[in-house]
4 protein chains.
Amino acid sequence: MKAFVMDGIGETALVEKDSPEPGPMDAILEPTVGLVCTSDCHTVHGAIGDRENLTLGHEVVGIVDEVGSAVEDFEAGDRVAVGAITPDWNSEAAQAGHSSQSNQALGGWKFANVKDGTFAEYAHVNDADGNLVHIPDGISDHEAVYITDMMTTGFAGAENANIPLGGTVAVFAQGPVGLMATKGAALQGAGKIIAVETVESRQRLAREYGADHVVDFQKGDPVAEIMELTDDEGVDSAIEALGSDQTLQDCIKAVKPGGTVSNVGYHGGDEFRHIPREEWGVGMAEINIVTDLCPGGSLRLKRLLRLLEQGRVDPTKMTTHEFDFEDVQEAFNMMDTKEDDIIKPLIHFN
Amino acid sequence: MKAFVMDGIGETALVEKDSPEPGPMDAILEPTVGLVCTSDCHTVHGAIGDRENLTLGHEVVGIVDEVGSAVEDFEAGDRVAVGAITPDWNSEAAQAGHSSQSNQALGGWKFANVKDGTFAEYAHVNDADGNLVHIPDGISDHEAVYITDMMTTGFAGAENANIPLGGTVAVFAQGPVGLMATKGAALQGAGKIIAVETVESRQRLAREYGADHVVDFQKGDPVAEIMELTDDEGVDSAIEALGSDQTLQDCIKAVKPGGTVSNVGYHGGDEFRHIPREEWGVGMAEINIVTDLCPGGSLRLKRLLRLLEQGRVDPTKMTTHEFDFEDVQEAFNMMDTKEDDIIKPLIHFN
Amino acid sequence: MKAFVMDGIGETALVEKDSPEPGPMDAILEPTVGLVCTSDCHTVHGAIGDRENLTLGHEVVGIVDEVGSAVEDFEAGDRVAVGAITPDWNSEAAQAGHSSQSNQALGGWKFANVKDGTFAEYAHVNDADGNLVHIPDGISDHEAVYITDMMTTGFAGAENANIPLGGTVAVFAQGPVGLMATKGAALQGAGKIIAVETVESRQRLAREYGADHVVDFQKGDPVAEIMELTDDEGVDSAIEALGSDQTLQDCIKAVKPGGTVSNVGYHGGDEFRHIPREEWGVGMAEINIVTDLCPGGSLRLKRLLRLLEQGRVDPTKMTTHEFDFEDVQEAFNMMDTKEDDIIKPLIHFN
Amino acid sequence: MKAFVMDGIGETALVEKDSPEPGPMDAILEPTVGLVCTSDCHTVHGAIGDRENLTLGHEVVGIVDEVGSAVEDFEAGDRVAVGAITPDWNSEAAQAGHSSQSNQALGGWKFANVKDGTFAEYAHVNDADGNLVHIPDGISDHEAVYITDMMTTGFAGAENANIPLGGTVAVFAQGPVGLMATKGAALQGAGKIIAVETVESRQRLAREYGADHVVDFQKGDPVAEIMELTDDEGVDSAIEALGSDQTLQDCIKAVKPGGTVSNVGYHGGDEFRHIPREEWGVGMAEINIVTDLCPGGSLRLKRLLRLLEQGRVDPTKMTTHEFDFEDVQEAFNMMDTKEDDIIKPLIHFN
């Protein structure tokens, strides 16, 4: 089968490789549409180390091709979505409520990390019953593919942020995860949502997804603007959706005592992130810093599909470009450089 | 009246000053016994800025001398304890469940910060009904004075640490707050408590308060030892009871994915604290960092008194030295230098 | 001053009585608009016992007439709202996070219960700083008066219901509290909201406030319909907004194992409410039954005002009738009989 | 193999039947010791309907005899414990944090309910990696068998009761689950534990496990006594460990506003349980009623083993009688009649 792989740091290619086989609890999926993720780019640049002939991709919906002998809820021909994170549900971490950390830190992240990803004609899904969901008839593949990562991750940023009904929130960075965090804050009943972003098309989308104010960090100190917008109180919750040291520091500075900083950004690069000691209240201001990795699982996906069914969110506004699978390299390159104000490129298999 | 004051950075003196007057909701307290706190020393060295003629001290029990017109639950002659933190209970922060942050960061901390403290013949208590508690007959002043700060702060370190019943905990530093965090972990049902400490007398107390293992950080890397004691899993919860950058980093390194770092140490000094990026799971390992300031209030104090009444904890083991109020300067000096393995010096008034 | 009072069970009258005086922390409020609440009717019919010459009413906004000496945040002339519930913020219950239960069960409920209510030319507000909120310029009195009870109570029904993002909810009864519970479920990110109601005008409003399905309990068993709408799973959360035994039982039957029943209905009448043993999972299905009394306080009110400011909710759709204060008796009578499909009658003072 | 079975309502027998076979994720266990549970008696009397030739028993430790092809953490010869509840970890309920309800209400309860139990020479365990735990060398089979149901269930009663550190708790009934709830309250840091019981040997054990007061319900109204012991406040938390209507009502009456009723009793019999309307605060006193079914899983079991390892609890005090497996019928009969003040009978296999 054809697969789009990483083959050493900085190297990608569309290659031929063997199709995967299912174990007793697994499924083989034939993708229909997928999305390129910035973390695919991070991976190729070496963020998680070197990889050879590793199929990329983790955001995909498709048709079940084959299931293992112990799979109960799915069969060949089913139209399904699979989470970017596919936990081992009987692991201790999952039993403790941290399924994305199953068996090791970030252990639920298997696609394009510890096994082949989804940019291929066939993809292997572990624990099909636990990690797949049927897509209802009224929902398009294009809509559904957004539940696999962008919606679940961005929304988790808001859910973890401990936003009181009517509370104040700042969402730092309005890439696709940040945009969904903004939407997530709206879905959690925030009373004032402040989006931090400089790119105009993203600012516009942020407003469509629920931002009441947009702060352009290139036109002034975003923390100072947030303080002004909150009568110098700071926000109840700040969401980090970028993964930079500066942004994390700004989050800590922007929340009020008793507030929450919710991180969903992937932090690459330097050895340390920095907590500004004074604004952190010298370790006593009850400012909590919480983090998460994209929640997966059939239940989570099912709940997100309901939000699509009821029209509570339209994630397809984030699709700025479309490509055939044959041109996935071009999609990948654009995502890497963010040229043409790309937000999410949709890949059509077939 | 006599009062032990800070009079400029680095300067202390026993002086004469006017006695305080109560507002309608307040009380005037005549201390009987008190404890010197390391944070008194931090204050004198400039941690919260310069202060002139500011009475020191915030850990005290005593007799009510006078109450304001609107006080309902107390009258002159009552034997009472007052929390080190005396919140404004109708503030927004208190309404949000963060009473120690009332009206501003650390705003519940009034004694020896924004008003005179308790090392004086008389001390002013705001909101007497909300911030005092009657001491039952069976409990000595010596026992009771520990609820005002050491027990409430140390225990909070454990309560915030999200310790599962039977879970694993590491408590970094076994000063009086750390010792009470160790005891707090035992009271929360921890299944394995690892205390980190190098001073022998503190190691011994740590074991008495419930530590199953003691790790001496001068004899090896404490994180490595904690990993060995937990089959390389790391602990569910790590409690920072010192306030150092190194210790906070070690906490982050010592917890497993999904674990909690609970800070009760006061962090003075440099501009930043450092989060080790990789061990933090690149911001996605669901390691949460929570902080707290000493919980106050009549309800909290009442609950802590019950633990003394039932003999669930004996905090007086931490009293290594005793002084008359006339000699408070000497007690302060010893606390500042930690000479003679001092843990807590008890001050007798009158 | 003129006041609309209960004067014995079943008796009401518009009478003259003395104006109230503020204590040091209190305020006197001159109402501008108010709403009649069904609980006013319950009170007059004896639900909380007999009362003589007790001013009715607890939903009101107005102008501050006078403040006590210790009030800091308000002064005469300020346009404000006051919660129906006005807690004693330094009480033990408030310190425990249950401010509406301050000092006794339902102890935060003072208006028209243990002191005069707000259907008068002047009303007394205890702890002004803790219980009043300034109304921003852009918000009308008509909008703001809904935060005092209907929004805070109905939304609390949803907040307590533990609704997962994308989860399923049934809201039993679409009176004004139920309608706001429906809206609250939408604001909490529910993925499927099922409203139970038979009155057509209320069904229509339920849809406007976010209901995805409306079940008419007079056309079939609502539990059976809810099961059908949820693939026989039951809902994650059921909200009781009526206060009847049958409805509470239906809630227990309608939730799935692990689900939550959130009660905001006032339960009058018989000695018992009944838990259906089998559907309750013989006490082991992890179905939790939680209850609440209208949350009050300046912080809560401030957060609700933000939702009005951002246009996230328009409660004025529930105002079906308007009256001058002189005609409050007529408004009361209509509310009592629910004639003309009344939902909420607005009272204009002066 | 030999098995002790229910064979129609009211009928039991020691019979021969075929040994079980493991599926790919399963294990076959050869029991060494077990305990008879009162719920075995309930089952035989028809509580969950009729059953034919169903092996009884669900509290057991033993040696792994064989594992399925996909099992990773266990192999033949391992000494292990298995929870009474063996969840399907990839079910939606387990993903939602309600593993004991997997796939249906009480769906994690498989032994002696939907498949053969553990009173046999061999027992089948579903999802061995998720549901077994290795027993460390220092822990006896006798100790370890208590983690499978009595400790996990009783402790859950306390964990769910929302006991504040230093809070007050009443535990109704001191059978083995109630005794472990009492111990659980102590492990959660309760400040005053009131046990309700009339049998003298159980009263004595209750004190040993941490009860500060014992109330004999045959010598007076237990609610009145609890009120007296709490200055008429009521308790923060009440635990129902019996499963009777009267006891559940007493729990509701005994808690203060804002308190929690935690049910771990199995409720058989009549159609309804009764909530006393007034003491429930007419549905507005923030009294929550929560329920649970025995938590299972390798992580839970591992945590409980730590408490045994550190000597934090000695459950073997509850073993009042011992029997060989050949005499299991006699043990069952005694458990059914509770003669000779039996608390738990230990069964020795081979």
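Residues numbered from 1 in each chain as written. Chains lettered and ligands numbered in written order. Predicted model: local features only at pLDDT ≥ 70, side-chain atom pairs only at ≥ 80, totals over all residues. Heavy atoms only, no water.

Going by what an unreviewed UniProt entry lists, chain A is known as NAD(P)-dependent alcohol dehydrogenase and is assigned to Halococcus dombrowskii. Quoted verbatim from the Sequence similarities (unreviewed entry) field of UniProt, the annotation for chain A is "Belongs to the zinc-containing alcohol dehydrogenase family." Check the Cofactor (unreviewed entry) section of the UniProt entry for chain A; it says "Zn(2+)". (UniProt positions renumbered as here; feature names shortened; annotations may be inferred.)

K.L.:
Would you take a moment to explain the interface of chain B and chain C for this structure?
P.N.:
You'll often see interface size given as the accessible area lost when the parts meet. Counting from both sides, the interface comprises 15 residues of chain B and, opposite them, 15 residues of chain C. Interface of chain B and chain C: buried area, both sides summed, is about 1,300 Å²; carbon and sulfur atoms make up 56% of it. Its largest share of buried area at the contact with chain C, chain B owes to Asn90, Glu92 and Gln95 of chain B, together 43% of the area lost on that side. Linking chain B with chain C are two salt bridges. Of all the secondary-structure elements, those providing two or more residues to the side of chain B that touches chain C are helix H2 (92-95), helix H3 (128-131) and helix H10 (298-309) of chain B. Looking at the side of chain B that touches chain C element by element, the count peaks at five residues for H10 of chain B. Among the residues forming the side of chain B that touches chain C, the class breakdown is four nonpolar, five polar and six charged. (Contact = heavy atoms within 4.5 Å. Buried area = accessible area lost by both parts, 1.4 Å probe. Salt bridge = Lys/Arg side-chain N within 4 Å of Asp/Glu carboxyl O. Helix = DSSP H or I, 4+ residues; strand = E, 2+ residues; numbered from the N terminus. Nonpolar A, V, L, I, M, F, W, Y, C, P; charged D, E, K, R; others polar.)

K.L.:
Would you mind showing me how to read the relation of the copies chain B and chain C here?
P.N.:
Applying a rotation about an axis and a shift along it to one chain copy brings it onto the other copy. Between chain B and chain C, the superposition needs a rotation of 180° and an axial shift of 0.0 Å, giving an RMSD of 0.0 Å. Taken together, the rotation and translation describe the operation of a two-fold axis. Residue tryptophan 89 of chain B, judged by its C-alpha, is the member of chain B lying nearest the rotation axis, at 2.7 Å. The share of interface residues of chain B whose copies in chain C are also at the interface is 100%, consistent with both copies meeting through the same surface. (Least-squares fit on C-alpha atoms with pLDDT ≥ 70 in both.)

K.L.:
Where do I start with the sheet that holds strand E1 (residues 2-6) of chain C in this structure?
P.N.:
To summarise the sheet geometry, strands pair through backbone hydrogen bonds and adopt either a parallel or an antiparallel arrangement. The three strands lie next to each other as E2-E1-E4 (chain C), forming an open sheet whose pairing is antiparallel. With partners counted over all chains shown, the strands left at the sheet margins are strand E2 (12-16) and strand E4 (54-55) of chain C, one partner each. (Pairing = 2+ DSSP bridges.)

K.L.:
Where do I start with empty space enclosed by the protein in this structure?
P.N.:
Picture a little ball the size of a water molecule; that probe, rolled over the atoms, points out where space is still empty. Counting across every chain of the model gives one cavity of 30 Å³ or more. In this structure, the largest cavity occupies an estimated 30 Å³ of space. Taken together, Leu299, Lys302, Arg303 and Arg306 of chain B, Glu92 of chain C together with Glu233, Asp236 and Lys256 of chain D make up the lining of the largest cavity. Of the residues forming the lining of the largest cavity, the biggest block, four residues, is contributed by H10 of chain B. Classifying every residue of the lining of the largest cavity gives one nonpolar, no polar and seven charged. (1 Å grid on protein atoms, 1.4 Å probe; cavity = no way out; pocket = protein on both sides within 12 Å on 5 of 7 lines; lining within 4 Å. Points joined across faces, edges and corners; volume = space filled by probe spheres on them.)

K.L.:
Help me understand the relation of the copies chain B and chain A, please; the structure alone is not making it clear to me.
P.N.:
Here chain B sits on chain A after a turn of 180° about the axis and a move of 0.0 Å along it, with an RMSD of 0.1 Å. Comparing interface residues between copies, 100% of those in chain B also sit at the interface in chain A, which points to an isologous, same-surface contact.

K.L.:
Looking at this structure, I do not really get the packing of aromatic side chains. What am I missing?
P.N.:
A ring pair, where both rings are aromatic, is described by two values, the distance of the centres and the angle of the planes. Inspection of the entire model under this criterion finds twelve aromatic pairs over all chains. On the numbers, 5.8 Å between centres and 65° between planes, the contact of phenylalanine 4 of chain C with phenylalanine 332 of chain C is edge-to-face. Taken together, the positions of phenylalanine 4 of chain C in strand E1 and phenylalanine 332 of chain C in helix H11 (residues 328-337) put the pair 328 residues apart, joining distant regions of the chain. A residue is classified by how much of its surface remains accessible, and phenylalanine 4 of chain C, at 1% relative accessible area, is buried. Taking the relative accessible area as the measure of exposure, phenylalanine 332 of chain C reaches 4% and is therefore buried. Between phenylalanine 325 of chain D and phenylalanine 349 of chain D, the aromatic rings sit 4.7 Å apart at their centres with planes inclined by 25°, giving stacked as the arrangement. (Phe/Tyr/Trp six-rings, centres within 6.5 Å; stacked < 30°, edge-to-face > 60°. Buried < 20%, exposed > 50% of the residue type's maximum accessible area, 1.4 Å probe, protein only.)

K.L.:
How should the environment of glutamate 52 of chain D be read in this particular structure?
P.N.:
All names here are of chain D. Structurally, glutamate 52 is set in the loop between helix H1 (38-44) and strand E4 (54-55). Measuring from C-alpha to C-alpha, the distance between glutamate 52 and leucine 304 comes to 34 Å, with 252 residues separating the pair along the chain. Not counting residues up to four positions away in its chain, the partners in contact with glutamate 52 are Met6, Asp7 and Gly8.

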